[in-house]
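Below are the chains, spelled out letter by letter.
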Amino acid sequence: MTMERAVARIDFDAIRANCIRLKSELSEGTELCAVVKADGYGHGADGAASAALAGGASRLAVATAGEAEQIGRRYQHIPLLTLGALTAAEVDIVLSAGSEVSVWREGFRAVLADRARAQGRPAKVHLKFDSGMGRLGTTDEAEFLALARACDADPSLEPAGIWTHLATADELDSGFFDEQLDRFEALVATVKAEFPGVLAHAANSAAVYRDRRSHFDMARCGVAIYGLDPFQGDPSEHGLAPALSLRSYVADVKRFPAGASAGYGQQWMAPADTWVGVVPLGYGDGVRRGLSNNAEILVRGRRQPLVGTVSMDNVTIDLGPDTDVEPGDEAVLIGPQGEDAIFAEEVAARLDTINYEVTCAISARVPRRPA
Ligand SMILES: *Cc1c(COP(=O)(O)O)cnc(C)c1O
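Since the model is a prediction, treat every value here as computed from it, not as a measurement. (Residues numbered from 1 in each chain as written. Predicted model: local features only at pLDDT ≥ 70, side-chain atom pairs only at ≥ 80, totals over all residues. Heavy atoms only, no water.)

## A word on the domain arrangement of the protein chain
For step 1, the next point in the chain: Here the protein chain is described as being made up of domain 1 (12-234) and domain 2 (244-370).
For step 2, the next point in the chain: One C-alpha centre belongs to domain 1, the other to domain 2, and the line joining them spans 37 Å.
For step 3, the next point in the chain: Carbon and sulfur atoms supply 58% of the area buried between domain 1 and domain 2, which totals about 1000 Å² over both sides.
For step 4, the next point in the chain: At the boundary of domain 1 and domain 2, one finds zero salt bridges.
For step 5, the next point in the chain: Along the lines of polarity and charge, the residues of the side of domain 1 that touches domain 2 split into five nonpolar, five polar and one charged. (Domains from an automatic or database assignment. Buried area = accessible area lost by both parts, 1.4 Å probe. Salt bridge = Lys/Arg side-chain N within 4 Å of Asp/Glu carboxyl O. Nonpolar A, V, L, I, M, F, W, Y, C, P; charged D, E, K, R; others polar.)

Written out as structure tokens, the structure reads:
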């Protein structure tokens, strides 16, 4: 493999296998909807979507109009749902892309109906219920039913789904998860009595593993399809394999006498004579500055501490007083090398965040290439 300054290697077979695995967790008849928003959580939406479909996903979901346009044009025969709020201008884009649309309030329903009529094709709508996330949607059953009936009565709209989102599926000690499911279950019973054909969906990746009661007709899975652990632990415990690795190389190796400093602000000084390696990627690539003096990078299968401040385009690593590392050696920030591996969950813990943010942060400057 030729060396590159910074590259995200994506293992599409892993995404496919993760979907097969997830699908096997789902209740009979529950569809797998692969969530490929935010450029497939940083993995590349197009490749992720095609791998997920090969692994048994039967639907796709995105968050924004731009994402719907990209994915809808490419996968015209696959039902696509745009989850997020849309402006009137964005509605036109999403409908042209053939996507199904979330509806969360009467004002938006009216805009959507208007735009669908103008395009001459009924819009399939998924009505959003707020069972406790506190974002889009009404918390009131009567208001929800009125919205569903208004959609049904409008020839330019077609009720296709009812859905909610769970706030604490990944927090195993939270009873709020059960409260939300109780509320949504009651709503599903009421709505299906009147509109038996609608698809009910609530589960994200964590919910799929946590409780089969959340599965309903479809599960919207993102993080797990990429082999990231929804519970921020070890993905292999769920049979998931991480699909992304972030790789660079050692561009320079230099002698540091005791007291010499690396990087902006002299945030690290060699405590003793040592060798320092320079790796040419930084926060401009999505390697967060919070990793300054707070990360490890694999070189020759060994963990080398990141020392000093993360710059926009460079980081430095302490190779120790006696090293065999040479310029040109591969450097791995996320992923396996030799016998060891650095997981996105480990990086996330250092940054006091979640694996989702770590892979989403990898910037557009980093090419995504097949592993
Ligand atoms: C992002 C998203 C998902 C996917 O969640 P994961 O935890 O990544 O599986 C599901 N539903 C909605 C509404 C989302 O925004």
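## Side note on the nonpolar core
For step 1, the next point in the chain: With 113 residues, the main nonpolar core has L60, I71, L112 and I162 as its most contacted residues.
For step 2, the next point in the chain: Two domains each provide a minimum of three residues to this core, namely domain 1 (12-234) and domain 2 (244-370).
For step 3, the next point in the chain: Setting aside its immediate chain neighbours within four residues, L112 contacts V91, L95, V101, V103, A123, V125 and L157. (Core = buried A, V, L, I, M, F, W, Y, C linked by side-chain atoms within 4.5 Å. Buried < 20%, exposed > 50% of the residue type's maximum accessible area, 1.4 Å probe, protein only. Contact = heavy atoms within 4.5 Å.)

## Brief notes about the sheet that holds strand 7 (residues 157-163)
Two strands in a sheet stick together by hydrogen bonds in their backbones, pointing the same way (parallel) or opposite ways (antiparallel).
For step 1, the next point in the chain: Here eight strands make up a closed barrel; going around it, the order is 2-3-4-5-6-7-8-9 and the pairing parallel. Averaged over all adjacent pairs, the angle separating strand axes in this sheet is 30°, with direction ignored.
For step 2, the next point in the chain: Relative to strand 9 (residues 218-221), strand 8 (residues 199-203) runs parallel, the two sharing two bridges. From the neighbouring strand, H201 faces strand 9, where its bridge partner is M218. (Pairing = 2+ DSSP bridges. Helix = DSSP H or I, 4+ residues; strand = E, 2+ residues; numbered from the N terminus. Axes fitted to C-alpha atoms, helices over the stretch in contact; angles between N-to-C directions.)

## Things to note about the site of the ligand
For step 1, the next point in the chain: Contacts to the ligand come from 13 residues, most closely from K37, Y41, S205, V223 and Y356.
For step 2, the next point in the chain: Here S205 contributes a side-chain N or O atom positioned 2.5 Å from an oxygen atom of the ligand.
For step 3, the next point in the chain: In this structure, an oxygen atom belonging to the ligand sits 2.6 Å away from a side-chain N or O atom of Y356.
For step 4, the next point in the chain: Burial of the ligand by the protein chains amounts to 92% of its free accessible area of 390 Å².
For step 5, the next point in the chain: Elements with a minimum of two residues in the shell around the ligand: helix 2 (37-41) and strand 9.
For step 6, the next point in the chain: Broken down by class, the residue content of the shell around the ligand amounts to seven nonpolar, four polar and two charged. (Near = heavy atom within 4 Å. Polar contact = N/O pair within 3.5 Å; in protein donor to acceptor, adjacent residues only side chain to side chain. Areas by Shrake-Rupley, 256 points an atom, 1.4 Å probe, with all protein chains shown as cover.)

## Describing the packing of helix 4 (residues 65-74) against helix 5 (residues 88-96)
For step 1, the next point in the chain: Orientation of helix 4 relative to helix 5, taken along the N-to-C sense of each, is 15°, at an axis distance of 8 Å. With respect to helix 5, the axis of helix 4 lies roughly parallel. Considering how the two elements wind past one another, helix 4 and helix 5 form a crossing that is left-handed. Contact residues: helix 4 offers A65, A68, E69 and R73, while helix 5 offers E90, I93, V94 and S96.
For step 2, the next point in the chain: Among the residues forming the contact of helix 4 with helix 5, the class breakdown is four nonpolar, one polar and three charged. (Parallel < 35°, antiparallel > 145°, perpendicular 65-115°, else oblique. Left-handed = near helix turned anticlockwise from the far one by under 90°.)

## Comments concerning helix 6 (residues 106-119)
For step 1, the next point in the chain: The end-to-end C-alpha distance of helix 6 is 20 Å, a good match for the 20 Å that 14 residues give at a rise of 1.5 Å each.
For step 2, the next point in the chain: Listed as buried for helix 6 are F108, R109, L112, A113 and A116. All buried residues of helix 6 project into a common sector of 135° when viewed along the axis, lining one side.
For step 3, the next point in the chain: Elements in contact with the buried residues of helix 6: helix 5, strand 5 (100-103), strand 6 (123-128), helix 7 (141-153) and strand 7. (Expected span 1.5 Å × (residues − 1). Arc of directions from axis to C-beta.)

## Topic: the packing of helix 5 against helix 6
For step 1, the next point in the chain: Running from amino to carboxyl end, helix 5 crosses helix 6 at an angle of 50°, the nearest separation of the two axes being 10 Å. It follows from the interaxial angle that helix 5 and helix 6 lie oblique. As helix 5 packs across helix 6, the resulting crossing turns out to be right-handed. Touching A88, V91, D92, L95 and S96 of helix 5 are F108, V111, L112, R115, A116 and Q119, all from helix 6.
For step 2, the next point in the chain: Of the residues assigned to the contact of helix 5 with helix 6, the class counts are seven nonpolar, two polar and two charged.

## Regarding the packing of aromatic side chains
For step 1, the next point in the chain: Across all of its chains, the model carries six aromatic pairs by this definition.
For step 2, the next point in the chain: Where F256 meets W268, the ring centres are 6.1 Å apart and the plane angle is 35°; that geometry is what we call tilted. Within this pair, whereas F256 is found in strand 11 (residues 252-256), its partner W268 is found in the loop between strand 11 and strand 12 (274-279), the two being separated by 12 residues in sequence. The burial state of F256 is the same as that of W268; both residues are buried.
For step 3, the next point in the chain: Taken together through their ring pairs, the aromatic side chains of Y41, Y226 and Y356 make up a single cluster. (Phe/Tyr/Trp six-rings, centres within 6.5 Å; stacked < 30°, edge-to-face > 60°.)

## Considering helix 1 (residues 12-25)
For step 1, the next point in the chain: Its 14 residues place the ends of helix 1 20 Å apart at the C-alpha level, agreeing with the 20 Å of an ideal helix rising 1.5 Å per residue.
For step 2, the next point in the chain: Buried within helix 1 we find A14, I15, N18, C19 and L22. All buried residues of helix 1 fall inside an arc of 140° around its axis, so they share one side. Turned more than 90 degrees away from the buried face of helix 1 sit D13 and S24, all of them exposed.
For step 3, the next point in the chain: Residues of helix 1 that are buried in the fold lie against strand 1 (7-10), strand 2 (31-35), helix 3 (45-54), helix 9 (205-210) and strand 9.

## Thoughts on the environment of C221
For step 1, the next point in the chain: Looking at the secondary structure, you find C221 in strand 9.
For step 2, the next point in the chain: For C221, a relative accessible area of 0% gives the class buried.
For step 3, the next point in the chain: Along the backbone, C221 and L22 are 199 residues apart, and their C-alpha atoms lie at a distance of 8.6 Å.
For step 4, the next point in the chain: With near-sequence residues (within four places) excluded, C221 lies in contact with L22, L32, C33, A34, V35, N204, S205 and V208.

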